[in-house]
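Structural characterization, general
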Amino acid sequence: TGVGTFFDVLALCLFVDVWRLAMHTSLLLAPSWTFPKRLSQDNADTPGLFKLTFLLSVAWLVALVLMKRHATGVGLTDPIKIHVLACLASYVFFFVSLVLATHYNAAIF
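Below or above, wherever it landed, is the structure these notes cover. (Residues numbered from 1 in each chain as written. Predicted model: local features only at pLDDT ≥ 70, side-chain atom pairs only at ≥ 80, totals over all residues. Heavy atoms only, no water.)

Packing of helix α3 (residues 48–70) against helix α4 (residues 79–108) leaves a shortest axis separation of 8 Å and a crossing angle of 150°. With respect to each other, α3 and α4 are oriented roughly antiparallel. When you trace α3 past α4, the crossing you get is left-handed. The class makeup of the residues in the contact of α3 with α4 is 18 nonpolar, 4 polar and 2 charged. (Axes fitted to C-alpha atoms, helices over the stretch in contact; angles between N-to-C directions. Helix = DSSP H or I, 4+ residues; strand = E, 2+ residues; numbered from the N terminus. Parallel < 35°, antiparallel > 145°, perpendicular 65-115°, else oblique. Left-handed = near helix turned anticlockwise from the far one by under 90°. Nonpolar A, V, L, I, M, F, W, Y, C, P; charged D, E, K, R; others polar.)

Structural data, given as structure tokens:
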């Protein structure tokens, strides 16, 4: 135990590695959707990077709720790991939600 906050570095590495795997797969399968070469003002489409990150953070939160509720998971039964992953997913979810809300607000209005 430490003084103050518990933090699991392996949970951080797992979170970043899963995000990188999703981004690399998306970049290999649909490069122009993930990172468009040019964003024009009349183009109302959001880069796929933000959409995929949003969906990934929602999937993390749902999976972590299920793991916490049923105390099952592949090596993720430790409450500290679940807490760290939930914090990371919440931070990413908040940032990406702001980006998407700003983009869709500008595109609609």
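Relative to the 33 Å expected for 23 residues at 1.5 Å per residue, α3 spans 33 Å between its end C-alpha atoms, a close match to the ideal helical length. G48, L49, T53, L56, S57, W60, L64 and M67 are the residues of α3 that are buried. On its buried side, α3 packs onto α1 (9–29), α2 (31–34) and α4. (Expected span 1.5 Å × (residues − 1). Buried < 20%, exposed > 50% of the residue type's maximum accessible area, 1.4 Å probe, protein only. Contact = heavy atoms within 4.5 Å.)

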